[in-house]
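Survey of secondary and tertiary structure
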Amino acid sequence: MSLQPVNPRYKPYKGAAAGWGALISVTQFWLDSKQPFKNLRALLKTNQNGGFDCPGCAWGDSPEDGRIKFCENGAKAVNWEATKRRVDAKFFAKYSVSQLREQSDYWLEYQGRLTEPMRYDATTDRYVPTSWDDAFSLIAKHLKNLETPNQAEFYTSGRASNEAAFLYQLFVRAYGTNNFPDCSNMCHEASGVALIQSVGIGKGSVTFADFEHADAIFVLGQNPGTNHPRMLEPLREAVKRGAQVVAFNPLKERGLERFQHPQHALEMLTNGSEPLNTAFFRPALGGDMAALRGIAKFLLQWEREAVAKGEKPVFDHAFIAEHTDGVDAYLAVLDETSWESLVEQSGLSLEEIEQAALMYRRAEKVIMCWAMGITQHVHSVATIQEIVNLQLLRGNLGRPGAGLCPVRGHSNVQGDRTMGINDRPPVLLLDNIEKRFQFKVPRDNGHNTVEAINAMVDGHAKVFIALGGNFAQATPDSPRTHQALQNCDLTVQISTKLNRSHLTTGKDALILPCLGRTDIDIQATGPQAITVEDSFSMIHASYGQLEPLSKEMRSEPAIVAGIAKATLGNHPVDWDAMIADYSGIRDLIADTIPGFQDFNTRVQHPGGFYLGNSAGARQWKTNTGKANFKSNALLADLLPPQVRNSGQTPDLILQTMRSHDQYNTTIYGLDDRYRGVRGQRDVLFVNEADLTRLGYKHGQKVDITSLWDDGVERKVVGFTLLSFDIPAGQAAAYYPEANPLVPLQSVGLGSHTPTSKFVAIRLHAAQETARIL
Ligand SMILES: Nc1nc2c(c(=O)[nH]1)N[C@H]1C(S)=C(S)[C@@H](COP(=O)(O)OP(=O)(O)OC[C@H]3O[C@@H](n4cnc5c(=O)[nH]c(N)nc54)[C@H](O)[C@@H]3O)O[C@H]1N2
Ligand SMILES: Nc1nc2c(c(=O)[nH]1)N[C@H]1C(S)=C(S)[C@@H](COP(=O)(O)OP(=O)(O)OC[C@H]3O[C@@H](n4cnc5c(=O)[nH]c(N)nc54)[C@H](O)[C@@H]3O)O[C@H]1N2
Ligand SMILES: [Mo]
């Protein structure tokens, strides 16, 4: 694989998802890692008992099943981490930070693993080597100099282990703040907020086994073929036994249409594949809430008809009576809402909504899955609560084969929240910490991601520390976010690979290189395991398998402990002792986090243990003690008032999404196989009719601006228009290239999540030639 783009090409993909195309792609990545045989051994250890947890997505596997479980994109994640290339002192001597900033995100990460601690020297504009002790002292000095601990921001990305996350939150709270912006704020925050209000717990209620019993699986706003490939297997098994798979997605994502499984040799040989979806609905961006309400309205109509005819009711009356609150108000809202408004806002026809409702009704047991197409809108909380409302009408919650499944992103993002990475921490967590560690915990809410950026923009926040991730590129409104980081007195990145966040430095800046999931982690008492939690609340251990590239790299828990000790001394724990043996950290977790009693014993069980889910057990930890029907109003207009007040009308509504060759801001390659794109990423997918309407041609280059009423010009340049099978009025582009277009203040109600799936844009004939990546 070369670093230069191969001739940019666009040709619709004809093959099925997974299958031969996937294997060819994986092989290329293997060879490119420069240590193919070592990585093959690593891959065979992925998600096996005694192996490591895949650093890719948070999909779980059946704990009993011993088969090899990896997928094309998990393989890419492993190879990407397990490279032999290094970004060391020699590398940083060669390039100034300004020079590095000229490189693409793809180039930066491709250079290899960060192998030694580095400190930014503003006079030479270069990173120079530093010692761990000096790095920790510098951080401690800055932190101790702040007027209040609330002037520091402590970011977390969802790959951090439970052990690292627990120590981090303990340190930060002992230091004195709840400023925990995290990747979840940009991801499934709305799911957590919505589910806690509706059913009393902010996680999915289903387990892996439920997929084997469902009669219908709805997949809303999710592209599993690329982002959760191991989910294709249970979907495929479901279709095989006659269950329905119903997709809601404006794009006909290949993985949801049909696919092959690479581990089924026969199918690969015949190149055959079976149809996967039984129906595919293509709503307007943000149209899902109206579509779901339409389904519920049909159910209500059929319920009344059934009652009139004395037939079996459509609703689960026993469940509603015993377990829910607020049904009457909700049914009244269904009656008040006109069919016309539902059709208009959903972007679906009445016939389509009726068909979806028929499929929903036909199934005795329904699982609802969703991801970013649902969570990154202004009304995401209300949309997710509408998913719950629908499930409650037919008792599709807390019984085998039915329930709620927000499909998480990062491999341990759910676990990090469980461990207390939370800017709005639950009182119980704070009480437990206070009791166990005997210090006064901060009780005020801290900053989430958008609030942290605002605090850095206005100069209030002065220190930014990141436990993983790529804050500069993952966040919206890139130029303003970059400026926010540069305003800081100190920025610290605990990372495996070089990215743009290392190049948007504060006055002082540190790069602290850490071990990844695949690396062997040896401490005073020997090799250490860490633990993670998947989307199904299964907790399991993960053991690194590969020799680290350098002795100078440290584990995430060791780095957190080093910062903590330099800042707080041996308070509230003996940090060195925690690092000598991570089971000591797990004992602290057992003492403070509900559900983790006997953690060290239970985690030894092959496949791990189930943390439990109160909603899945029909216990409702809500304000009413019941599962709540939430009668949220539909948005009066999907177009936000701030866009209307901008004085311009949008040409299109844009969603920003992932290609097949990326992991969030990590770009593995420049292809998006299933969407037929090769060798380029600065593209805009548009409907042919819109090209004609707006006076552009397929292949033409455009500049794109977005609309908001704050007078800021938001612009990206030199994007190539691709005529694509996308609903009229919509456009799609890749994240993070399109992030400069997402206004910082455009966030979800109650979730504060940037609305990355709904950006009002205008096109302009390109002024400059395209930036070649
Ligand atoms: N290989 C790989 N795996 C990953 C990741 C990765 O980048 N690469 N990222 C990980 C992370 S952190 C996450 S959160 C997940 C993300 O997983 P996804 O949520 O699948 O990620 P996106 O690419 O953002 O895709 C969103 C999907 O929603 C659709 N969509 C957009 N807007 C709407 C809408 O309004 N309504 C509906 N119904 N659909 C809509 C889009 O067409 C697209 O198919 O994947 C995780 N796994
Ligand atoms: N426009 C738009 N923006 C989005 C999204 C979108 O759909 N559209 N999606 C949002 C979502 S869902 C998410 S989750 C966020 C992701 O936001 P982040 O989690 O902040 O971003 P990543 O790209 O996953 O971070 C990649 C970096 O993490 C570091 N890294 C990798 N592995 C490890 C490890 O094991 N330990 C440590 N310490 N560091 C490691 C590497 O240095 C790598 O460069 O982005 C959000 N931003
Ligand atoms: Mo995510």
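Look a little higher up for the structure.
Below, the structure is looked at part by part.

Definitions and cut-offs
Residues numbered from 1 in each chain as written. Chains lettered and ligands numbered in written order. Predicted model: local features only at pLDDT ≥ 70, side-chain atom pairs only at ≥ 80, totals over all residues. Heavy atoms only, no water. Buried < 20%, exposed > 50% of the residue type's maximum accessible area, 1.4 Å probe, protein only. Helix = DSSP H or I, 4+ residues; strand = E, 2+ residues; numbered from the N terminus. Contact = heavy atoms within 4.5 Å. Polar contact = N/O pair within 3.5 Å; in protein donor to acceptor, adjacent residues only side chain to side chain. Axes fitted to C-alpha atoms, helices over the stretch in contact; angles between N-to-C directions. Left-handed = near helix turned anticlockwise from the far one by under 90°. Phe/Tyr/Trp six-rings, centres within 6.5 Å; stacked < 30°, edge-to-face > 60°. Lys NZ or Arg CZ within 6 Å of the ring centre and 35° of its normal. Salt bridge = Lys/Arg side-chain N within 4 Å of Asp/Glu carboxyl O. Near = heavy atom within 4 Å. Areas by Shrake-Rupley, 256 points an atom, 1.4 Å probe, with all protein chains shown as cover. Nonpolar A, V, L, I, M, F, W, Y, C, P; charged D, E, K, R; others polar. Domains from an automatic or database assignment.

The next subject is helix H23 (residues 449–457). Taken together, the buried positions of H23 are occupied by Thr449, Val450, Ala452, Ile453, Ala455 and Met456. Looking at the packing, one finds that the buried side of H23 touches strand E6 (152–156), strand E15 (463–467), helix H24 (471–474) and helix H25 (478–486). In this structure Asn448 caps H23, since a side-chain oxygen of it lies 3.3 Å from the backbone nitrogen of Val450. Looking one or two residues beyond H23, the residue adopting positive phi is Gly459, at roughly 85°.

One can describe the packing of helix H14 (residues 288–309) onto helix H17 (residues 339–346) by two numbers: an axis separation of 8 Å at closest approach and a directional angle of 145°. Seen from above, H14 lies across H17 with left-handed handedness. Across from Ala290, Ala291, Arg293, Gly294, Lys297, Phe298 and Gln301 in H14, the residues of H17 making contact are Trp339, Leu342, Gln345 and Ser346.

Okay, the packing of aromatic side chains next. One pass over the structure, following the stated rule, counts 35 aromatic pairs. Through successive ring pairs, a cluster of aromatic residues spans Phe91, Phe92, Tyr95, Trp107, Tyr120 and Tyr127. Directly above the ring of Phe437 sits Arg436, whose terminal nitrogen or CZ lies 5.1 Å from the centroid. The ring of Phe609 carries Arg602 above its face, with NZ or CZ at 4.1 Å from the centroid.

This part takes up the pattern of salt bridges. Counted by the stated rule, this structure contains 33 salt bridges. A salt bridge links Arg293 to Glu386; its shortest N-O distance comes to 2.8 Å. Placement of the pair is Arg293 in helix H14 and Glu386 in helix H20 (residues 380–393), with a sequence separation of 93 residues. Through salt bridges with shared partners, a single ionic network connects Glu72, Lys76, Asp661 and Arg673.

A few words now on the side chain of Ser550. Summarising the element assignment, Ser550 is placed in the loop between strand E21 (538–543) and helix H26 (556–568). Of the residues examined, Ser550 reaches a relative accessible area of 14% and is grouped as buried. In contact with Ser550, not counting residues within four places along its chain, are Arg86 and Thr115.

Right, let's talk about the site of ligand 2 for a bit. Taken together, the neighbourhood of ligand 2 is formed by 31 residues, with Glu109, Tyr155, Ala474, Glu556 and Thr665 sitting nearest. In the model, an oxygen atom of ligand 2 is placed 2.7 Å from a nitrogen or oxygen of the Ser157 side chain. Burial of ligand 2 by the protein chains amounts to 96% of its free accessible area of 920 Å². In the shell around ligand 2, the residues fall into ten nonpolar, 15 polar and six charged.

Here we take up the site of ligand 1. Asn249, Glu253, Asp288, Gln662 and Asn664 are the nearest of the 31 residues found near ligand 1. A distance of 2.8 Å is found between an oxygen atom of ligand 1 and a backbone nitrogen or oxygen belonging to Asn223. A distance of 2.6 Å is found between a nitrogen atom of ligand 1 and a side-chain nitrogen or oxygen belonging to Asp288. A total of 920 Å² of accessible area belongs to ligand 1 in isolation, and the protein chains cover 99% of it. Among the secondary structure elements, those contributing two or more residues to the shell around ligand 1 are helix H10 (224–227), helix H19 (372–375), strand E24 (652–657) and strand E25 (662–663). Mapped onto the domain boundaries, the shell around ligand 1 takes at least three residues apiece from domain 2 (189–407) and domain 3 (641–765).

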